[in-house]
Each structure stands twice: as C-alpha cells, then as structure tokens.
Amino acid sequence: MTDYAEEQSMEIEAMQAVFMDDFELISSDPSTYKIKIVPVLGGENYVGVSMVVKYTPKYPDEIPNICFVDAINISDDDIINLTQMIYDKIPEFLGMAMVYNITEVVKDWLLDRNVPKQEEGSMYDEMIRRQQKAKELADAEAEKEAAAIAEKNTIEHPKNWGTPVTPESFAAWKAKFESEMEKKEVKTVEKLTGKELFEKNGKTILENEDEILDKADHETGEDDDHVLVKEEEGIAEEEEEEEPTAE
C-alpha cells in the first residue's frame, strides 16, 4: 500500500533543498507551499512567477492543486494560458513526484518571455513577431505533413501519378500550343445591326407587297373583260331572236 504522506514529505524536503530561499511552506495539513520561479538563475530576469502547490490526499497518484501568483510582467491572460498548459501536462507525470518537472516547464515558458518591459508599440511588434514565428512553424509542419502524404501515395499508388511537370516540359508544351494557335484561321462573321436588319426585312416586305398588288390588278382586269364579252354576246343573241321574219 502506498504511503502518500511519506512521499509528499520527501518531495517537500527535496523542493526546500533545491529552491532554498525561493521556497515557502504555507501549510502542513494539507501540505501547501509556494515556489518562486524565474527563467534564469543568477541572471537578468524580466519576468517571473510564483507557483503554489497543494497536495491532494492521494498525490502523486492524483493531480495536485496548482495556481500561479505574484506574476512579474506577465498578463492575466498569459497566466490563464500557463495554468491550462500545466494541467494539460500533469497527466504525463502521474504516479511519481512531479513538482520539479512542472517547475522546469514553467521556467522554459518564462524564458520565451524574458525580455525587457517594452512600450506599447514595441509590445505590439513583439506580439506580431511571435505570431509570425508561430505561423512559420505551422507552415513548416504542414509542408512536412503534405510531403509525407505525397510520398506515401507515390509508394502505395504509383499508377495514379502522371508525368511530373518540369519547367522544361512546360516550356515545350507552351511553344507547341502557341504555334498551333498561330496556324488556326479565325473567321469573323459580319453581324447586322438592329437598324440594318429592320431595313432589310422592311424592303423585302414592300417588294412582296407590290408584287401581290400587281398580280391582283392583273387578275381583276381579265375578269372584267371576260364579263364584258359575255354581256355583248347575250345582247346579240336577243336581237337575232326579236328580228321579224318576212311572210
């Protein structure tokens, strides 16, 4: 059976020996203490923070309670991010004394921010620099992953890949394409405007109308002459019938 109290006591003694004046015992029941952490021991430190550790009954098989206080040149948002990062890291250390390992993680985090306090403009520049650095790292990781996927696909599915395009092959294709385009004849079709189309169609309609009228007049004239001849023949026949005969 694990003697958690003994393990906790031994770790407290070790932390006192390592951090000495930077270690402060707050309570013995439950065991609670504070450790001051700076990025560079004996060097120039522009940032710093104190970590408060409170053991749970079954620590180190349980996660201890940890918080950060007395921050120097560190924003509240950064403290929140640091706390979250530490709690994400703790599961890796469960089952063993972990406080010293946690202080090393915090020290590295502080080291990245160990720069003199800057004016607002300089702080903005520093933020942009960090964002750019993060983007470069993300891009490099993405390129590495894409290259790995491409290599895997090439090995597993070699037939799915066509002929690779090189600057030389592209230049040859471009020259051939331009040569073929120069040989083609471009035909242009003259298009009538709306006015021209109307005038053309209108002229055709008028010509057709004149032709129809001429034809109608011609046909009407022939019918009148035919009727006139018929009438004259009828009159002549009547006169012959009425002429008296000699007795």
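Preceding this paragraph is the structure being described.
Figured I'd write up the structure that's included with this text. Source: prediction; values computed, not measured.

**Let's talk about the nonpolar core**
As a rule of thumb, nonpolar side chains are buried together in soluble globular proteins. One finds Tyr33, Met51, Phe68, Ile86, Val99, Ile102 and Val106 to be the most contacted residues of the largest nonpolar core, which totals 28 residues. Secondary-structure elements contributing two or more residues to this core are helix H1 (4–19), strand E2 (31–37), strand E3 (48–54), strand E4 (65–72), helix H2 (76–89) and helix H3 (99–111). Top contributing element to this core by residue count: H3, with 6 residues. Dropping the residues within four chain positions of it, Val106 is found in contact with Ile37, Val49, Met51, Phe68, Leu82 and Ile86.

**A few points about H2**
Relative to the 20 Å expected for 14 residues at 1.5 Å per residue, H2 spans 20 Å between its end C-alpha atoms, a close match to the ideal helical length. Looking at H2, one finds that the buried residues are Ile79, Leu82 and Ile86. Angularly, the buried residues of H2 cover 60° about the axis, an arc narrow enough to put them on a single face. Within H2, the exposed residues directed more than 90 degrees away from the buried face are Asp77, Ile80 and Asp88. In this fold, the buried residues of H2 make contact with E3, E4 and H3.

**Concerning the pattern of salt bridges**
Two side chains bearing opposite charge may form a pair once their charged atoms approach each other closely. Applying the stated rule across the entire model yields 6 salt bridges. The closest approach of N and O atoms between Glu24 and Lys34, which form a salt bridge, is 3.7 Å. Of this pair, Glu24 sits in strand E1 (residues 23–28) while Lys34 sits in strand E2, and the two are 10 residues apart along the sequence. With its nearest N and O atoms 3.5 Å apart, the salt bridge here joins Lys89 to Glu92. With a relative accessible area of 32%, Lys89 lands in the partly exposed category. By relative accessible area, Glu92 is classed as exposed at 53%. Here the residues in one salt-bridge network are Glu24, Lys34 and Asp70, joined through shared partners.

**Overview of the side chain of Thr103**
Among the structural elements, Thr103 can be located in helix H3. Non-local contacts of Thr103, meaning those with residues more than four positions away in its chain, are made with Phe19, Ile35, Ile37 and Met51.

**Some remarks on the packing of aromatic side chains**
Summed over the entire model, instances satisfying the criterion amount to 5 aromatic pairs. Ring geometry for Tyr55 against Tyr59: centres 4.4 Å apart, planes inclined by 15°, an arrangement best described as stacked. Note on accessibility: Tyr55 and Tyr59 belong to one class, buried. On the numbers, 5.5 Å between centres and 15° between planes, the contact of Trp173 with Phe177 is stacked. Of this pair, Trp173 and Phe177 are both found in helix H5 (residues 167–183), 4 residues apart, which corresponds to roughly one turn of the helix. Members of the aromatic cluster, each reached through a chain of ring pairs, are Phe23, Tyr33, Tyr55 and Tyr59.

The rules behind the values
- Residues numbered from 1 in each chain as written.
- Predicted model: local features only at pLDDT ≥ 70, side-chain atom pairs only at ≥ 80, totals over all residues.
- Heavy atoms only, no water.
- Core = buried A, V, L, I, M, F, W, Y, C linked by side-chain atoms within 4.5 Å.
- Buried < 20%, exposed > 50% of the residue type's maximum accessible area, 1.4 Å probe, protein only.
- Helix = DSSP H or I, 4+ residues; strand = E, 2+ residues; numbered from the N terminus.
- Contact = heavy atoms within 4.5 Å.
- Expected span 1.5 Å × (residues − 1).
- Arc of directions from axis to C-beta.
- Salt bridge = Lys/Arg side-chain N within 4 Å of Asp/Glu carboxyl O.
- Phe/Tyr/Trp six-rings, centres within 6.5 Å; stacked < 30°, edge-to-face > 60°.

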